[in-house]
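# Observations on chain architecture
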Amino acid sequence: MGYHVIIEPELFPIKYTYVDRINELVLVEGINEKSVIIEGKSENPPQQVGVSVNFRHLGEEWYRAGLRALTIFAKLARDRQLVLEELSHGPENVRSYVRAKKGAAKRGDFLVRNRGNAEVEVKCRSFYGRGNRKYFLISQEDLMKHLNMENATRTSVILAVFERKGDKPQEDSLCMIRIDRIKELLPELVSEEKEYGWVYRIPLQETVSGFDLLGSYGMDDQEDIVDLVEKESESRIGADEVPCVIVSYYKSKEHLEWIVRNGLYNLRAGDGRGVFSVGPQEACAKYILLHTEGETYTGKLFQILEVGPQVYTKNMLIRKQYPGSPGHELYWVYKVVPVLEEELRKQIWDISLFPGYITGHGAACPFTIPLAELMK
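Now for a look at the structure at hand. All residue numbers refer to position in the chain's written sequence, counted from 1. Note on the predicted model: pLDDT of at least 70 is required for a residue's local features to be given, and 80 or more for side-chain atom pairs to be given and counted; whole-chain, interface and lining totals, by contrast, use all residues. Side-chain measures here rest on the full set of heavy atoms in the structure, leaving out hydrogens and waters.

Our focus in this paragraph is helix H1 (residues 61-79). Here a strand is any run of E in DSSP of at least two residues, a helix any run of H or I of at least four, and the numbering for each starts at the N terminus. How far a helix is expected to stretch is found by multiplying one less than its residue total by 1.5 Å. Along its 19 residues, H1 runs 27 Å from first to last C-alpha, staying within 8% of the 27 Å computed at 1.5 Å per residue. Contacts were defined at the residue level, with two residues in contact if any of their heavy atoms lie within 4.5 Å. If you follow the buried residues of H1, they end up packed against strand E4 (84-86), strand E5 (110-112), strand E6 (118-125), strand E8 (157-165) and strand E9 (168-178). Just downstream of H1 lies glutamine 81, where phi reads positive at about 65 degrees.

Below you can see the structure in the form of structure tokens.
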């Protein structure tokens, strides 16, 4: 550990030197009362924002505004009882989602856990125009990357945009718009070329003010979700992972189409008749095998994409255009995709031969079987 000496701090770029021992400071040419001394290792020199590879963007107003917008969004969201998870933007994290897709992809900044795992990208942009003709800009490249990620994860991506004035986001200007809504608007959007590439003009009148797009849930819903997650989490502690398959029911052709389109499958949660309990086996389930009324032979096998289900309220399902009216308050929701493996896609199983199958009205009740039973 030695000493970095910035001889004249007001110079740009700064000039500094390094000495190993404190008594060597007197040998530094030009040291004076304005000089700055920083104790540290030689490989960690002082860095000046304007010339630093790592920090040069901090000198730009747009960059500082963007970082401040992230902090403001997180505070406002948590004030509204939203459960945020900050997302990693590392290349390995993104690659794991899009290895089967073509084209680059971009993750958002946060997942909103109690809003159906909606993915939110926070932006701070200058607003242009006047009145109902106001708009902000989004690069075509970023839009395509978000669409690729949305296709890969089957998770809704939302842009949350603050107006930028200088290096400060205007807190009361927050508005949101879904990426898939921008996709719908593409034929109507004005595009223009900037020095950094092509951009689209996004009209503010197409956005939703504040947090309304994420929906409003009563505190009762929030407390129910927290209680249910805590209760079911306790049942998993210390349990061995036993890979299994969930054999379950879809109620109609429309329901099956909704499952495939949204990549989601829901089971009743909470207390009461017909609910599905998530224990050690169900938490590490690998597949869901679906059948419908009067059907015992089925090949409708879905792979579960994430470990364990999420908790949805019935309002969350309704917002995803769930067919019919959900009759229960809370649901376990698994993220699924039809199996891709050729050998599994061609299989047909007789579910009446599985242990746990019940005839009659009980045939609609979900049950689990060991993964090995499916692979026989």
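After that view, the rundown keeps rolling.
A pairing counts as a salt bridge when a side-chain nitrogen of Lys or Arg comes within 4 Å of a carboxyl oxygen of Asp or Glu. Inspection of the entire model under this criterion finds 17 salt bridges. For arginine 164, the salt bridge is made with glutamate 61, and the minimal N-O distance between the two is 3.9 Å. One end of the pair, arginine 164, is in strand E8; the other, glutamate 61, is in helix H1, and 103 residues separate them in sequence. Across the pair arginine 181 and glutamate 184 runs a salt bridge whose closest N-O atoms are separated by 2.9 Å. Here the residue arginine 181 and the residue glutamate 184 both occupy positions in helix H4 (residues 179-185), the gap between them amounting to three residues, near one helical turn. Note on exposure labels: buried denotes an accessible area under 20% of the residue type's maximum, exposed denotes more than 50%, and partly exposed covers the range between, all computed with a 1.4 Å probe on protein chains only. Using a relative accessible area of 53% as the deciding quantity, one classes glutamate 184 as exposed.

Glancing now at unusual backbone geometry. Excluding glycine, most residues fall at negative phi; most peptide bonds, likewise, are trans. Residues phenylalanine 12 and proline 13 are joined by a peptide bond in cis, for which omega reads -5 degrees. Examined against the element boundaries, proline 13 turns out to sit in the loop between strand E1 (2-6) and strand E2 (16-19). Although it is not a glycine, glutamine 81 sits at a positive phi angle of roughly 65 degrees. On the secondary structure map, glutamine 81 appears in the loop between H1 and E4. For glutamine 81, a relative accessible area of 41% corresponds to the partly exposed category. For glutamine 321, which is not a glycine, the phi torsion comes out positive at approximately 60 degrees. Along the polypeptide, glutamine 321 turns up in the loop between helix H8 (314-319) and strand E19 (330-338). For glutamine 321, a relative accessible area of 59% gives the class exposed.

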